[in-house]
Amino acid sequence: AIDWKQSARHNNLLAKEFRTERNNRIVLAIDSGRTMCEPVDGIPKVDRAVSAALLTAFIGLKSNDRVSLFSFAGKPQVASGIYSSTRDFGALQRAAARIDYHFEETNYTLGLTTLGASLDHRSLIILFTEFTDPTSAELMLKSAGRLVNRHVILCMVMADKELDAEIARTPENPSDITRANMAAEMQRDRKITMSRLRRMGVHVVEAPHDAMNAKLVDAYLTIKRRNLI
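Because the structure is predicted, anything quoted here is derived from the model rather than measured. (Residues numbered from 1 in each chain as written. Predicted model: local features only at pLDDT ≥ 70, side-chain atom pairs only at ≥ 80, totals over all residues. Heavy atoms only, no water.)

Some remarks on the overall build of the protein
(1) Moving on: Across its full length, the protein holds 8 helices and 8 strands.
(2) Moving on: For the protein, the C-alpha atoms occupy an extent of roughly 75 × 40 × 30 Å along the three principal directions.
(3) Moving on: Going through the 229 residues of the protein one by one, you find that 45% of them count as buried.
(4) Moving on: For the protein, contacts bridging at least 24 residues in sequence account for 74% of all contacts bridging at least 6.
(5) Moving on: Accessible area of the protein: about 12200 Å², with a carbon and sulfur share of 51%.
(6) Moving on: Of the charged side chains in the protein, 32 are positive and 27 negative; the average position of the first set lies 10 Å away from that of the second. (Helix = DSSP H or I, 4+ residues; strand = E, 2+ residues; numbered from the N terminus. Buried < 20%, exposed > 50% of the residue type's maximum accessible area, 1.4 Å probe, protein only. Contact = heavy atoms within 4.5 Å. Areas by Shrake-Rupley, 256 points an atom, 1.4 Å probe, with all protein chains shown as cover. Lys, Arg positive; Asp, Glu negative; His and termini not counted. Charge placed at Lys NZ, Arg CZ, Asp CG, Glu CD.)

Right, here's the structure in full:
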């Protein structure tokens, strides 16, 4: 980038060179509670989240960032070591294989507080989660709010095609109208939660499951380019 002020001062054309920061700490935090166990096109959301997390982890390791994996449901479940080389990718895969399905409500307070206490330096926390009711969303917002002042948080959520389909479907009987109204209310609550997260400073990415990997990698690389970590 041309430095116009210095160029004018020295009467010579000068430029600045920017380099992407390396050796950042990246934490892939996966919610494995009840709502993440619901299937999307036949595959549980948590499995899709693990797949996207591993892809991002590999790119992070290639970029010389330090990557770790964390999962939680009613309580913290998996906490891997910190890896900094592509040679460690197999260890990350083995840690991801230990993430199991938990048909209990996610305890954001315990999970994210435990994660925050384990981080000594500013980190990028990539949170894979789902919020379907105002109560759990409120708890998640409070827990994320305690982290966002010190860390960069990227929240990854999958677009809910079933809700969109219910809203768009032409009703044929009273029960269809009821379902459409409930779907619209749930969709509205999701949008409100995501809007509140963005106002707090959380980076939120919502994408269909088949575009999730590309969207997440793009968001991660954008944060690195902007030197936000």
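Details of the pairing of strand E1 (residues 25-31)
(1) Moving on: Buried residues dominate E1, accounting for 7 of its 7 residues.
(2) Moving on: Along E1, one buried face is formed by Arg25, Val27, Ala29 and Asp31 and the opposite face, lined by Ile26, Leu28 and Ile30, is buried too.
(3) Moving on: Relative to strand E4 (residues 66-72), E1 is paired through 7 bridges, and the arrangement is parallel. Paired with Val27 across the two strands is Ser68, which belongs to E4. (Pairing = 2+ DSSP bridges.)

Re a nonpolar patch on the surface
(1) Moving on: There is a patch of nonpolar side chains on the surface, built from Ile2, Trp4 and Leu13 and spanning about 370 Å² of accessible area.
(2) Moving on: As for its placement among the helices and strands, Ile2 is situated in the segment before helix H1 (4-10).
(3) Moving on: Classification of Ile2 as partly exposed rests on a relative accessible area of 41%. (Patch = residues over 30% accessible without salt bridge, like charges linked within 9 Å, V, L, I, M, F, W, Y side chains within 5 Å. Salt bridge = Lys/Arg side-chain N within 4 Å of Asp/Glu carboxyl O.)

A closer look at the packing of helix H2 (residues 45-62) against helix H3 (residues 89-97)
(1) Moving on: Direction vectors running N to C along H2 and H3 enclose 160 degrees, while the axes themselves pass 11 Å from each other. Considered as vectors, H2 and H3 are oriented roughly antiparallel to each other. For the crossing formed where H2 meets H3, the hand is right-handed. Taken together, the residues of H3 that come into contact with H2 (itself represented by Val50, Leu54, Ala57, Phe58 and Leu61) are Phe89, Leu92, Gln93 and Ala96.
(2) Moving on: Per-class residue counts for the contact of H2 with H3 are 8 nonpolar, 1 polar and no charged. (Axes fitted to C-alpha atoms, helices over the stretch in contact; angles between N-to-C directions. Parallel < 35°, antiparallel > 145°, perpendicular 65-115°, else oblique. Left-handed = near helix turned anticlockwise from the far one by under 90°. Nonpolar A, V, L, I, M, F, W, Y, C, P; charged D, E, K, R; others polar.)

Some words on the packing of aromatic side chains
(1) Moving on: All chains considered together, the criterion is met by 3 aromatic pairs.
(2) Moving on: Taking the centre distance of 5.3 Å and the plane angle of 75 degrees together, the rings of Phe58 and Phe89 count as edge-to-face. One end of the pair, Phe58, is in helix H2; the other, Phe89, is in helix H3, and 31 residues separate them in sequence.
(3) Moving on: On the accessibility criterion, Phe89 (16% relative accessible area) is buried.
(4) Moving on: On the basis of an interplanar angle of 70 degrees and a centroid distance of 6.2 Å, the ring pair of Phe72 and Tyr108 is categorised as edge-to-face. Taken together, the residues Phe72 in strand E4 and Tyr108 in helix H4 (residues 108-117) connect sequence positions 36 residues apart. The pair formed by Phe72 and Tyr108 is uniform in burial state, with each residue classed as buried.
(5) Moving on: Chaining the aromatic ring pairs together yields one cluster made of Phe70, Phe72 and Tyr108. (Phe/Tyr/Trp six-rings, centres within 6.5 Å; stacked < 30°, edge-to-face > 60°.)

Regarding unusual backbone geometry
(1) Moving on: Of note, Asn64 is a non-glycine position whose phi angle comes to about 65 degrees, a positive value.
(2) Moving on: Turning to its location among the elements, Asn64 is positioned in the loop between H2 and E4.
(3) Moving on: By relative accessible area, Asn64 is classed as partly exposed at 39%.

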